[in-house]
Amino acid sequence: MMDYGSMLKCIRGRFGHCYNVASYYTKIGEWLDWYKGFVKAYHTVVYSNGITTPSREMFHLNMAKRACEDWVSSVLSEDLNIVISSSNNKSSIFVQGSKENTGVLGSNNFSTILSDNLEKMFALGTSALALDLDGIIVDTDGNILSGKNATIKIKSYNATRIIPISYENGIITEVAFVSETNIKGKTYYTVSSHIKEADGYVIYNDIYNANYQKVELNIPVLSVIRTKSIKPLFVIMKTNIANNVDLDSPLGVSVYYNAIDTLKGIDQVYDNCVVEVINGRRIIMMNKCLLTCDDQGKPIAPQDMRQSLMQFFGDDATTSINEYIKDFSPSLRSAELDAELQNQLNMFSSLVGFGTKFYNFSISSGVTATEYAGERQDFVRNAGKMTNMICVAIKSLVSEILWLGQNILGVAVNADAKITVTAQDNIIESDDKEREQDRNDVKDGIMSKAEYRAKWYGETIDEAQKKINAIELSTAQSAE
């Protein structure tokens, strides 16, 4: 595991400054454990059987990951719409592709990367998407000599791999991304630092060994790339929650950080539920005189031990059959435990921003997300903030892709094209109000019909105008 204190020292020595709170990454590590579903210090149960003190793993529901999955499903649906408006369709094809060409987003499997990236953002508070150029040629100073054969790669980073270098008002302007690799059994860290200099952003790739000493390896990594871009070639995404761990940190906070005590409560109750069932199994007690024995003198149970528990007792029973066979079937506290588990789930869903009653527990279906009539306002507001943040980040990423395409790859695209990103989330229908407002703007002459079609139908301005002309021509011909 990476020693953050040592890594921060390396980056601070390289650039003179960086976010220098190593303890924050310890906190991120705790969130990661809850996301994975097993926190050793909490989920290891030590008990006594009267002779020894063995341990076992607590039964758990892993609701931390479930909450992150549900957040992604709520704010990111298949209706994510990216519209790139320019004088021709080449910009949109370059980014999103066509039937013959998958574009930069498609070739990088962007929809899967984005979903995975956002889930880890909700879990760990922060995530990032960075653009990398594969196949460029640079001189000894890092100036790009040729990018005509280059391809744009989208890399995803979670909070454990993001170290802010410069930031202001919570906005990260310079950052280091750390990647871990293993070569011949030895661990190395590649640190890609995006630094803003006088002529634009410069990417420095430094390699450190397990002792955090800078080394050089014979691997295809450019040590310096001078992009000349005034735009950062990365986007940082954070949960839209005020950070109450470190008020001055540029990093975000996990959606379940303030619900960890409730996560413990959920797992404690669920563990009790399972243990209750195990301890509540039917026990059949039989006198040994009713059993046959094997060659070694061990009693042979008359039925499958997995179906019922057999216990044997002495030979001093009376002649009554009730003294030879006894049946013990303890009653279960199912109703009480189920009710308490539902209480814990209600508190948890409220604390992670869903409002109460988002999760419903039943024996038949387990834990499910529910549509409920009331108490949705918290969720609506939180989902709106999260969705807006995602749309802004994607818009910036697309803008950066277009800049690289025009200025590095030499593709005939427009780096200044107008970009609109909308996402119809799966819970709230706020886009309906916006669409109705746009219709009124068209009626009032504030918005053109072509702009309306481009925004809501995913067309370019030219495509939209051609379709409008065709519709108007058809209407005019019909009138004649």
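Here's a quick rundown of the structure. (Residues numbered from 1 in each chain as written. Predicted model: local features only at pLDDT ≥ 70, side-chain atom pairs only at ≥ 80, totals over all residues. Heavy atoms only, no water.)

### Some details on the sheet that holds strand 14 (residues 234-238)
So the rule is basically this: Here, a strand pair is defined by DSSP locating no fewer than two bridges between the strands. Strands are runs of DSSP state E lasting at least two residues, helices are runs of H or I lasting at least four, and both sets are numbered from the N terminus onward. All axes are obtained by fitting lines to C-alpha atoms, using only the stretch in contact for helices, and the reported angles, taken between N-to-C directions, cover 0 to 180 degrees. Residue contacts are defined here by distance: any two heavy atoms, one from each residue, within 4.5 Å place the two residues in contact.
Pairing is antiparallel across the open sheet formed by 3 strands, whose spatial order is 7-4-14. The sheet is open, and its two borders are formed by strand 7 (151-158) and strand 14, each paired with just one other strand. Shown here is a sheet whose adjacent strand axes are inclined to one another by a mean of 20°, direction ignored. As paired strands, strand 4 (residues 126-134) and strand 14 are joined by 5 bridges and run antiparallel to one another. Residue Leu 129 lies in a different strand from strand 14, and its bridge partner there is Val 235. Relative to strand 4, helix 7 (residues 110-124) is tilted by about 145°, and along the sheet it contacts strand 4, strand 7 and strand 14.

### Let's talk about helix 9 (residues 334-351)
This is how it is decided: A helix is expected to reach a length of 1.5 Å times the quantity of its residues less one. Think of it in three bands: with a 1.4 Å probe and only protein chains considered, a residue is buried below 20% of the maximum accessible area for its type, exposed above 50%, and partly exposed in between. Think of it as the arc spanned by the lines of direction from the helix axis to the C-beta atoms.
The end-to-end C-alpha distance of helix 9, which contains 18 residues, comes to 26 Å, matching closely the 26 Å that a straight helix rising 1.5 Å per residue would cover. Listed as buried for helix 9 are Leu 337, Leu 341, Gln 342, Gln 344, Leu 345, Phe 348 and Ser 349. On an axial view of helix 9, the arc spanned by its buried residues comes to 165°, and they lie on one face. Across from the buried face of helix 9, at angles greater than 90 degrees, the exposed residues are Ala 335 and Glu 336.

### Considering the side chain of Ser 74
Put simply, the rule is: Counting of polar contacts relies on pairs of N or O atoms within 3.5 Å, with two restrictions inside protein: one atom must be capable of donating a hydrogen and the other of accepting it, and residues adjacent in sequence are counted only when both atoms are side-chain atoms.
With respect to the helices and strands, the residue Ser 74 is situated in helix 4 (residues 63-75). Side-chain polar atoms of Ser 74 contact the backbone oxygen of Asp 70, separated by 2.7 Å.

### With respect to helix 7
For helix 7, built from 15 residues, the straight-helix expectation of 21 Å at 1.5 Å per residue is met to within 8% by its first-to-last C-alpha distance of 20 Å. For helix 7, the set of buried residues is Phe 110, Ile 113, Leu 114, Asn 117, Leu 118, Glu 119, Met 121, Phe 122, Ala 123 and Leu 124. Two residues or fewer past helix 7, Gly 125 is found with a positive phi of approximately 95°.

### A short note on the packing of aromatic side chains
Inclusion rule: For Phe, Tyr and Trp, rings pair up if their centres lie within 6.5 Å, where Trp contributes its six-membered ring, and each pair is then called stacked (planes under 30 degrees apart), edge-to-face (over 60) or tilted (otherwise). Charge over a ring is defined by NZ of Lys or CZ of Arg lying within 6 Å of the ring centre and within 35 degrees of the ring normal.
Enumeration over the complete set of coordinates arrives at 17 aromatic pairs. Look at Phe 15 and Tyr 204: their rings are 5.9 Å apart centre to centre, the planes differ by 55°, and that puts the pair in the tilted class. Highlighted residues: Phe 15 in helix 1 (residues 4-15) and Tyr 204 in strand 11 (residues 200-209), separated in sequence by 189 residues. Taking relative accessible area as the criterion, Tyr 204 reaches 10% and is therefore assigned buried. Among the aromatic residues, ring-to-ring pairing joins Trp 71, Phe 122, Phe 348, Phe 354, Phe 358 and Tyr 359 into one connected group. In this structure, Arg 14 is placed above the aromatic ring of Tyr 204, and the distance from its NZ or CZ to the ring centre is 4.9 Å.

### Some remarks on the packing of helix 4 against helix 7
Our working definition: Any angle that is under 35 degrees is reported as roughly parallel, and any over 145 degrees as roughly antiparallel; angles of 65 to 115 degrees are reported as roughly perpendicular and all others as oblique. Should the near helix be turned counterclockwise from the far one by less than a right angle, the crossing is left-handed, whereas a clockwise turn marks it as right-handed.
Packing of helix 4 against helix 7 brings their axes to within 9 Å, and their N-to-C directions diverge by 125°. Relative to helix 7, the element helix 4 is oriented oblique. Seen from above, helix 4 lies across helix 7 with right-handed handedness. Within the contact between the two elements, helix 4 uses Lys 65, Cys 68, Glu 69, Trp 71, Val 72 and Val 75 and helix 7 uses Ser 115, Leu 118, Glu 119, Phe 122 and Ala 123.

### Regarding the nonpolar core
Note on soluble globular proteins: their nonpolar side chains tend to be buried together. Our working definition: We define the nonpolar core as a collection of buried residues of types Ala, Val, Leu, Ile, Met, Phe, Trp, Tyr and Cys that are connected through side-chain atoms lying within 4.5 Å of one another.
One finds Tyr 256, Phe 348 and Ile 401 to be the most contacted residues of the largest nonpolar core, which totals 114 residues. Of all the elements, helix 10 (residues 377-407) adds the most residues to this core, at 14 residues. Look past the residues within four positions of Ile 401 in its chain and what remains in contact with it is Phe 94, Val 95, Val 104, Leu 105, Leu 131, Ile 152 and Ile 154.

### Comments concerning the state of the cysteines
Test applied: Only a pair of cysteine sulfur atoms within 2.5 Å qualifies as a disulfide here.
Under the definition given, this model contains 0 disulfides. With no disulfide of its own, Cys 10 lies 9.8 Å from the sulfur of Cys 18, the closest cysteine sulfur. According to the relative accessible area criterion, Cys 10 is buried, its value standing at 14%.

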